[in-house]
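# Close look at the chain arrangement
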Amino acid sequence: AKEGLDPDCPWILFVGRLQPQKNPLALLDALKALNPAFSKTLLLIVGEGDMARALMGRVKREGMEERVLFLGYRQASEIATLYRAADLLLLSSRFEGLPLTVLEALSCGLPVVTPPVGDLASLIRGGVNGEVVEGADPEDAARALERVLKNPARYSRERCSQSVDDYRSERLYGRLFDLVL
């Protein structure tokens, strides 16, 4: 297993800056709120930022070292491998536009669980390519995570990948060229 991780355990991936606006402490809250049946679920955190030490400290204080792995900064090729290996991408942002990480994850066939921020509420379709977490409680996020983890066939790689067809560069550039010419 890559990084010595158990490939039979569910992997939740976060890719982003560890900054207050990304609300990374909510990642830990959601992980802790998961049903005990998901106690072997791993949270992989890719990114750096001002809150890294606080997050690491909380993981240690709460005895979550076996469940949370900090991967720091990673190259795009390594992130792509993680998108393909993980079970879902989790966002925790308080506000967001349309983060590139979501488009990348979906392109790799990875479902997304996110708060209803920015354009994500219209891109992520429950039961198709992920789940939008409607409540603010960690339990709300945990239930959304569990829906995806329990039903991988429902959130198939094909459905996730197809959901970003309109965002692929050839389509975007095609439209732009059509408008310009």
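Structure's up top.
Residues numbered from 1 in each chain as written. Predicted model: local features only at pLDDT ≥ 70, side-chain atom pairs only at ≥ 80, totals over all residues. Heavy atoms only, no water.

### Considerations on the sheet that holds strand β4 (residues 88-90)
Threshold: Between any two strands, at least two bridges found by DSSP are needed for them to pair. We count a stretch as a helix when DSSP gives it H or I for four or more residues in a row; a strand needs E for two or more, and each element gets its number in order from the N terminus. All axes here are fitted lines through C-alpha atoms, helices being fitted over the stretch that makes contact, and every angle between N-to-C directions spans 0 to 180 degrees.
Ordered in space as β3-β2-β1-β4-β5-β6, the six strands form an open sheet in which the pairing is parallel. Looking at which strands have only one partner, the edges of the open sheet turn out to be β3 (68-72) and β6 (130-132). If you compare each strand with its neighbour and ignore which way they point, the axes differ by 20 degrees on average. In the sheet, strand β5 (residues 112-114) pairs with β6 via three bridges, with the strands oriented parallel. Among the inter-strand pairings, V113 is bridged to a residue of β6, identified as E131.

### Observations concerning the state of the cysteines
Where two cysteines share a covalent bond between their sulfur atoms, that bond is called a disulfide. Put simply, the rule is: What counts as a disulfide here is a pair of cysteine sulfur atoms lying within 2.5 Å. Relative accessible area decides the class of each residue, using a 1.4 Å probe on protein chains only: under 20% of the type maximum gives buried, over 50% gives exposed, and in between gives partly exposed.
Within this structure, the stated rule accounts for zero disulfides. Distance from the sulfur of C108, which forms no disulfide, to the nearest cysteine sulfur (C160) is 11 Å. Assessed through its relative accessible area of 0%, C160 is described here as buried.

### Here we look at unusual backbone geometry
Backbone phi values are negative for most residues with the exception of glycine, while trans is the configuration of most peptide bonds. Notably, N23 is not glycine yet its phi reads approximately 55 degrees, a positive angle. Here N23 shows up in the loop between β1 (11-15) and α1 (25-33).

### Re the packing of α1 against helix α6 (residues 138-150)
The condition is simple: In these notes the angle categories are as follows: under 35 degrees is roughly parallel, over 145 is roughly antiparallel, 65 to 115 is roughly perpendicular, and the rest is oblique. Should the near helix be turned anticlockwise from the far one by less than a right angle, the crossing is termed left-handed; should it be turned clockwise, right-handed. Contacts between residues were defined by any pair of non-hydrogen atoms, one from each residue, lying within 4.5 Å.
Interhelical geometry of α1 versus α6 gives an angle of 65 degrees and a closest axis separation of 8 Å. Between α1 and α6, the crossing angle belongs to the class labelled roughly perpendicular. Note that α1 runs across α6; the crossing there is right-handed. Mapping the contact onto sequence places D29, A30 and A33 in α1 and P138, E139, A141, A142, R143, L145 and E146 in α6.

### A look at the nonpolar core
What counts here: To qualify as a nonpolar core, a set must consist of buried Ala, Val, Leu, Ile, Met, Phe, Trp, Tyr and Cys residues joined through side-chain atoms within 4.5 Å.
I12, L43, V68, L88, L90, V113 and L145 are the most contacted members of the largest nonpolar core, which totals 29 residues. Every element with two or more residues in this core is listed here: β1, α1, β2 (42-46), α2 (52-61), β4 and α6. Of the residues forming this core, the biggest block, six residues, is contributed by α6. Contacts of V113, omitting those with residues within four sequence positions, involve L88, L89, L90, L91, E131, V133, A144, L145 and V148. The next biggest cluster of nonpolar side chains, apart from the first, holds 27 residues, and it includes Y83, L89, L91 and V112.

### Some words on helix α4 (residues 100-107)
If you check which residues of α4 are buried, you get T101, V102, L103, A105 and L106. Contacts from the buried residues of α4 go to β1, α3 (76-85), β4, β5, α5 (120-123) and α7 (157-162).

### Here's the deal with the side chain of T114
In this fold, T114 is placed in strand β5. Ignoring anything within four residues of it in the chain, the contact list for T114 reads L91, L120, I124, E131, V132 and V133.

In short, shape yes, function no, at least from these values alone.
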